[in-house]
Amino acid sequence: MPAEEMGKISRKMRVAFAVSSMIFVAALAISPVKDLRLEWKQNKRAYVRFAQTRPDTKRLLADFRPGIDQIWLPELGVVDRCTTCHQGMAQPTLPDAGVPQPFRTHPPIPHRVGDWGCTVCHRGQGAATEIAEAHETTLAWEQPMLPMKYIQASCGSCHRNALAEAPKLNRGRELLAEFNCASCHKLQGITRAAMPGPDLANIGNKVSREWIYKWLKEPRTVVDADGTVKVNGYETEESPRMPQFRLNEKELVALSGFLSVQRSRSIAPYKIDPRVIARWDKQPDVADQGETRFRQMFCSTCHSLAVTRAGETKLIGGEIGPELTKVGSKVNPDWLLAWLRNPQAYLPHSQMPRYEWTDEDLYKVSRYMLTKLTDSDLLSGVPKFEAASAEEVETGKRMFIEKGCASCHAVEGVPPQQDLGPDLTALGGKNISELDFGQSKIPRTLPGYIQAKLADPTTVNPAARMPQYHMAAADREAVTTALLSMTGPPATSAREKLVVSSRTAPEFHAPGAFGRVYERYKCAVCHQFNGFGGTLAPDLSYEGSRAQKPWMIDFLKNPQTLRPTLILRMPQFNMSDQEATILADYLSLSLQSPAVDPQGAGAKQYTPQMAALGKQLYEVKYQCQSCHTIGSAGGYVGPNLNNAGNWLKPEWIEAWLKNPQALVPDTIQPRFNFTPEEISALTAYLGTLRQSGKAAPAHASIKVAAVRGAGK
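Described below are features of the structure shown in this document. Here the structure is a predicted model, which is why all the values come from computation and not from measurement.

Some remarks on the side chain of Gln-417
Note that Gln-417 resides in the loop between α18 (390-402) and α19 (446-455). For Gln-417, a relative accessible area of 15% puts it in the buried group. Within polar-contact distance, the side chain of Gln-417 engages the backbone nitrogen of Ala-406 at 3.3 Å. Ignoring anything within four residues of it in the chain, the contact list for Gln-417 reads Ser-183, Arg-192, Phe-400, Ile-401, Gly-404, Cys-405, Ala-406 and Ser-407.

So, the pairing of strand β5 (residues 304-309)
Sheet topology places β5 next to strand β6 (residues 312-317); 6 bridges connect them, and they run antiparallel. Its bridge partner being in β6, Ala-306 is matched across the sheet by Leu-315. Here β5 folds back onto β6 in antiparallel fashion, the turn holding 2 residues, of which Ala-310 has a positive phi close to 55 degrees.

Some words on unusual backbone geometry
Peptide bonds are trans in most cases, and residues, glycine excluded, mostly fall at negative phi. Between Gln-101 and the following residue, Pro-102, the backbone shows a cis peptide bond with an omega angle of 15 degrees. Tracing the backbone shows Pro-102 in the loop between β2 (78-80) and α5 (113-116). One non-glycine residue, Asn-180, lies in the positive phi region at around 60 degrees. Here Asn-180 is to be found in the loop between α9 (167-178) and α10 (203-206). By relative accessible area, Asn-180 is classed as buried at 14%. With a phi angle near 55 degrees, Phe-298 is a residue other than glycine that sits in the positive phi range. The residue Phe-298 is located in the loop between α14 (286-296) and β5 in this model.

Overview of the packing of helix α12 (residues 249-260) against α18
Look at α12 against α18: their axes get within 7 Å of each other, and the N-to-C directions meet at 100 degrees. Here α12 is positioned roughly perpendicular relative to α18, judged by the angle of their axes. Contacts between α12 and α18 pair Glu-251, Val-253, Ala-254, Leu-255, Gly-257, Phe-258 and Leu-259 from the former with Glu-392, Val-393, Thr-395, Gly-396, Lys-397, Met-399 and Phe-400 from the latter. The class makeup of the residues in the contact of α12 with α18 is 8 nonpolar, 3 polar and 3 charged.

Things to note about the side chain of Ser-440
Structurally, Ser-440 can be placed in the loop between α18 and α19. Residue Ser-440 is classed as buried on the basis of its relative accessible area of 7%. At 2.5 Å, the side chain of Ser-440 forms a polar contact with the backbone oxygen of Phe-437.

With respect to the packing of helix α21 (residues 512-520) against helix α24 (residues 577-590)
Put simply, α21 and α24 touch, their axes get as near as 9 Å, and they point 115 degrees apart. Put simply, α21 runs roughly perpendicular to α24. Where α21 crosses over α24, the two elements pack in a sense that is left-handed. Residues Ala-513, Phe-514, Val-517, Tyr-518 and Arg-520 of α21 touch α24, and the partners they reach there are Glu-579, Ile-582, Leu-583 and Tyr-586.

Observations regarding helix α20 (residues 473-484)
Over its 12 residues, α20 extends 16 Å from the first C-alpha to the last, a length consistent with the 16 Å expected when each residue adds 1.5 Å. Burial of α20 is extensive: 9 of the 12 residues sit out of reach of the surface. Turning to α20, its buried residues number three or more, namely Asp-475, Arg-476, Ala-478, Val-479, Thr-480, Thr-481, Ala-482, Leu-483 and Leu-484. Taken together, the buried residues of α20 touch α8 (153-158), α9 and α19.

Here we look at the pattern of salt bridges
Applying the stated criterion across every chain yields a total of 26 salt bridges. In this structure, Asp-69 engages Arg-65 in a salt bridge whose closest nitrogen and oxygen atoms are separated by 2.9 Å. In this structure Asp-69 comes out as buried when scored by relative accessible area, which is 11%. Linking Glu-543 and Arg-546 is a salt bridge whose minimum nitrogen-to-oxygen distance equals 2.6 Å. With Glu-543 and Arg-546 both in helix α22 (residues 543-546) and 3 residues apart, this pair spans about one turn of that helix. A cluster of three or more residues bridged by salt bridges with shared partners is formed by Asp-288, Glu-291, Arg-295 and Lys-372.

Concerning a nonpolar patch on the surface
Taken together, Val-15, Val-19 and Ile-23 make up a surface patch of nonpolar side chains, about 260 Å² in accessible area. Within the secondary structure layout, Val-15 lies in helix α2 (residues 11-36). Judged by relative accessible area, which is 46%, Val-15 ranks as partly exposed.

Some points on the nonpolar core
If you look at the biggest cluster of nonpolar residues, it comprises 74 residues, and the most contacted ones within it are Leu-340, Met-369 and Phe-529. Two domains share this core, each providing at least three of its residues, namely domain 4 (203-371) and domain 5 (514-687). In this structure, Leu-340 is in contact with Met-352, Trp-357, Leu-362 and Met-369, ignoring residues within four places of it in sequence. Counting 32 residues, the second largest nonpolar core, distinct from the first, contains Ala-153, Leu-163, Ala-166 and Phe-437.

About the cut-offs
- Residues numbered from 1 in each chain as written.
- Predicted model: local features only at pLDDT ≥ 70, side-chain atom pairs only at ≥ 80, totals over all residues.
- Heavy atoms only, no water.
- Helix = DSSP H or I, 4+ residues; strand = E, 2+ residues; numbered from the N terminus.
- Buried < 20%, exposed > 50% of the residue type's maximum accessible area, 1.4 Å probe, protein only.
- Polar contact = N/O pair within 3.5 Å; in protein donor to acceptor, adjacent residues only side chain to side chain.
- Contact = heavy atoms within 4.5 Å.
- Pairing = 2+ DSSP bridges.
- Axes fitted to C-alpha atoms, helices over the stretch in contact; angles between N-to-C directions.
- Parallel < 35°, antiparallel > 145°, perpendicular 65-115°, else oblique.
- Nonpolar A, V, L, I, M, F, W, Y, C, P; charged D, E, K, R; others polar.
- Left-handed = near helix turned anticlockwise from the far one by under 90°.
- Expected span 1.5 Å × (residues − 1).
- Salt bridge = Lys/Arg side-chain N within 4 Å of Asp/Glu carboxyl O.
- Patch = residues over 30% accessible without salt bridge, like charges linked within 9 Å, V, L, I, M, F, W, Y side chains within 5 Å.
- Areas by Shrake-Rupley, 256 points an atom, 1.4 Å probe, with all protein chains shown as cover.
- Core = buried A, V, L, I, M, F, W, Y, C linked by side-chain atoms within 4.5 Å.
- Domains from an automatic or database assignment.

Set out below in C-alpha cells:
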C-alpha cells in the first residue's frame, strides 16, 4: 500500500469509531443515573425530604451523612450497614405509626440500638446495601431476617439465663427441658436430666402387661382427636410429657412383653395385721373412711385427682407425684401396699416421703384407692396376654433400644442411650442448603423446617424416629424460638463475655440424725434450705430465727395451716416425738438469719401497756386485720396470727416489722415506716396472741376435706 494511503482512515472505520464513542458516552451517562437510583441513596434522599416536613428538622438532620453508614462491632464479628436506610431508628421523636418505614423509631429495648445496629437481633446480611440482599435469602446469603414472632431467639444467642424481656424464649427453653429433648439431642444450655422418665427396672412388679400395652398404644397424656389435651382421660391445661410413638401391633406386643418381665429386685409384700383386716373387712364404709384418711393426710398436696363440679371435670391437686384418678385400675394390690409402706424399697430415688402409717390407715387408704380410684373401661379392648415368651422378650428389648426408650427410661441390662437424635446446638445458625426437606411441601425456611418437625416429624422424613408430640400452637412457636437461639459457640472470644453462664445449682447436705429424717420425709421436695430445694412451700433457710422450738415440734407432728386460702398443705406424716425434735433442734440451731439479732428483742421486757398500744396500732392506725386473721375476723392474704405468741420469736417480729424484704425478698408484706416505739408495741401485742393447749388433730375437724395447702 502506498505511504500516502496508509495515513488515511476509511469511512467505515470513522463510522465505527463514531458509533462506539456514542455508546461509550451513553454508558457514561447511564452510570451516574443508575448510581442515583440505588436503593440506599433513594432512601437517604427520602429521609431528608421527610425530615424537612417536620418541626424538628434540625435535630433529625444533625448527624445525617449522605454516604453509607456503617456500624462495626469487631467483638461480635458484625458489620452492619442497615442504618444507612433506617435513618430514624434512634430518633426519639419518630415512634408514631404515621412515620413511614424505614424511618420509624425502634421500639424500646435494653440495648442502645444506635450502637448495636440491626443484624445482632434481626439477623440478615448486614454488609448488604440492597433491600433484598439485606433482608432475604439469596444465592450468596442463606440466612434471611428472622420473622418478628421469633425475634426473641436473638436474645438467646448471647444470654443463656432467663430474661424478663423474652418470655417466649424462656417458655421455649422450659418446654425443651420439660419434654426431655436433651435425652436424644445435644442442646445449647440445656443439660440432660439424670433420669428423664420413670425408672422401669421393676415395672413388672407394679403393673400388668395389659396396662403397659394400653399405655404404649395410647399414652393418656396425649391429645384426643379434637386436639384436647388429656391425662388419664381427663382434661388438663398442662402439656404432655410422654409423646406418641408410632408402634404397630407386633411392636406393641413385643415391647409390652419385654417390660412385663422387668423385675430387677423382688419386692417383699407387706402383710397387714390379720386382726386389722378382720375388724375392717366387713365394714361397708371402709373405702369411704379410707378416702377421708387420704384427704386428712393431704395426699393431694403432691397428687392430683379428677373432680367433677357443676358438670365440669378437672384435675385438682399437686403435680409433684403422678395423677391418681385411676390408679386402682393400674397397679397391683401387693405393690401398692409395699409402696405406701416404703417407697424407697421399690424406687431408691423416689421423692415420696416415707410415712409412719398404721396398719389401719394402710388398709383403709389402700381399699379406697383400689375400689374408688378405678375405671372399668380403662383396659377395654386390650387383649388378654399370657406370660411373655423368650422370643417376645428378645424382640421387645431390641425395639426398646431402636425406638430410643433407653434415652429416658432405665432398664436393667440396657445401657443409657445418648445423642440418639442429631446435635441441635447450632441449629439456629444453619443455612437452608444444610437442611433435608425431603419431598415435603413446607416453606423452605429454617423456622418452617423446625415448625414442621415439631408438628409432625414424618412430614419432613417419613422414616423419622422422633415421636409425635402434641403442642399448642403457642408452645410450638416458643420451642421454635428457643431452637433458633441455638447458633453454636460464640463467633469471637470477646463475645463469650456477653454469654451469661448458668449459675451452679446450690446444694444442701443434711448431716447426721437430721439428715436421716430430712431424707425420710423428703423435706427438700417442697421447702428450700439455703437455696436448695423446692418452692411449693415456705423457704426454711431462716426458720430457726423465725419459729420457736416447741411450736415447731407441735407443728411437725400435727401440721396446721397458717394460710387458709392456700390450695395445698403440708401432709400429715405421723412423725414420732423423736423425729419432730430432731428436725426442730437442727432448724433452731443451724438455720439462722444474719439480719435477726437473737439477743435483741428477746431480752426486752414487754409490758401490758406496750401490748395495749400495739393492739391499737394493729387495729386502728395500720389496720393489719385487712390481711391477717385473729380469732374469727380479718383477712386471708397473710398468715393467721391466732398463735403468733407461741409461734414467732420476738426478735424475728421486730426484724420483720423493720424491713420484711431483708428477710424474705419477694414477700408482699408492705414496708411501713414504723417508729422504734411502734415496733416494740406491736411485738408486745403479737406476743400475747397464744392459743391455750395443743391444737386438735388435723383430722378432728375434717370430714371429707377439699384439697388444701402447702406447708404454712
